[in-house]
Amino acid sequence: MRPVTGGIGAEISGIDIGEALSAATVSELRQALLDHLVIFFRDQEITPAQQLAFVRHFGEPDIYPFVKGLEDYPEITPILKLPEETVNFGGIWHSDTVYQPEPPMGTVLYAKELPPSGGDTLFANQYQAYETLSEPLRKFLDGLTAINSATKGSAAKTRAGRVADSGTGLAEKTMQAEHPVVRTHPETGRKALFVNIGHTVRFAGMTEEESAPILDFLYHHQIKPEFSCRFIWTPGSLAFWDNRCAQHYPVNDYHGHTRLLHRVTLKGDKPF
Ligand code: SIN
């Protein structure tokens with residue numbers, strides 16, 4: 001295992017994800033995920049069934065609410081950008097589907113087709129984002145909850161293309177959840193900042209105008225290079241991130257090319 005930065009991310013080698021994993025290997029990978037927040041694997045040749053079998057070592061696959069999954073594997077969402085498109089799916093800093101009452105604990109993303117260059121994904125460590133705030137601000141945020149919504153325009157427009165051609169028909173306005181602004185990770189016990197520019201609308205009990213100055217500060221703070229890493233995909237790469245303490249951002253710099261990945265999210269629990 002090789003950490004890719006001082007703050008987040010580790011590349012794992014010597015594991016064939018397509019094979020049945022021993023309990024010891026699963027436990028080592030889970031610890032690596034808890035320690036590094038996102039783990040990367042290279043040169044994997046796996047089928048959708050093998051991706052799901054890998055995911056099931058760590059939890060139960062979830063279903064993405066707005067876009068249909070693969071015909072035979074509804075838990076696998078194709079993350080696709082076509083050559084004629086200019087908007088990429090999820091192209092804003094976010095944690096996955098935090099507008100759900102129990103957001104996913106993690107996400108497993110597998111590269112199927114990549115542009116010749118570009119289309120990297122950035123990740124940011126939300127423990128560090130919290131821990132580097134001043135004590136008075138941490139105290140203030142500790143007591144707050146925030147409203148997270150699927151309707152926030154900047155994120156909603158990134159899924160519009162796929163909703164148009166393979167949407168499930170579910171209305172975005174039905175998806176809204178109130179979560180602590182600082183959540184305690186259920187496995188590590190560490191506190192992580194849990195707001196994001198893609199989905200967080202306001203602090204509960206406050207207006208959007210009142211919330212905006214502090215949220216804007218947090219959105220800039222929480223993605224600092226010191227808390228981040230950049231993953232350059234190669235064919236057969238797989239990333240597994242902890243959605244409870246990491247955010248991600250897919251870079252949209254490959255117009256005119258196809259990028260296709262297969263995504264599975266894992267069911268999570270209610271943040272506290
Ligand atoms: C996502 O799950 O938000 C997409 C990430 C990516 O395309 O790299």
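Everything that follows concerns the structure shown earlier in this document.
Since we're looking at a predicted model, the values are computed, not measured.

A. Here's a closer look at the site of the ligand. Taken together, Ile79, His94, Asp96, Leu109, Thr121, His248, Pro250, Arg259 and Arg263 are the residues near the ligand. One of the side-chain nitrogen or oxygen atoms of His94 is found 3.0 Å away from an oxygen atom of the ligand. Residue Thr121 places a side-chain N or O atom 2.6 Å away from an oxygen atom belonging to the ligand. Compared with its free state, where it exposes 260 Å², the ligand has 100% of that area covered by protein. For the shell around the ligand, the secondary structure elements donating two or more residues are strand E14 (246-250) and strand E15 (259-266). Residues belonging to the shell around the ligand are distributed by class as follows: three nonpolar, three polar and three charged.

B. The pairing of strand E13 (residues 238-242), seen in detail. Most of E13 is tucked away, with five of its five residues classed as buried. Side-chain alternation along E13 places Leu238, Phe240 and Asp242 on one buried face and Ala239 and Trp241 on a second face that is also buried. When strand E3 (residues 38-41) meets E13, the two strands line up antiparallel, connected through four bridges. Across the sheet, the residue bridging to Val38 is Trp241, located in E13. For strand E5 (residues 106-113) and E13, the ladder comprises five bridges, and the chain directions are antiparallel. Bridging across to E13, Thr107 finds its partner in Trp241.

Definitions and limits used
Residues numbered from 1 in each chain as written. Predicted model: local features only at pLDDT ≥ 70, side-chain atom pairs only at ≥ 80, totals over all residues. Heavy atoms only, no water. Near = heavy atom within 4 Å. Polar contact = N/O pair within 3.5 Å; in protein donor to acceptor, adjacent residues only side chain to side chain. Areas by Shrake-Rupley, 256 points an atom, 1.4 Å probe, with all protein chains shown as cover. Helix = DSSP H or I, 4+ residues; strand = E, 2+ residues; numbered from the N terminus. Nonpolar A, V, L, I, M, F, W, Y, C, P; charged D, E, K, R; others polar. Buried < 20%, exposed > 50% of the residue type's maximum accessible area, 1.4 Å probe, protein only. Pairing = 2+ DSSP bridges.

It is worth stressing that arrangement in space is one thing and function is another; only the former is reported here.
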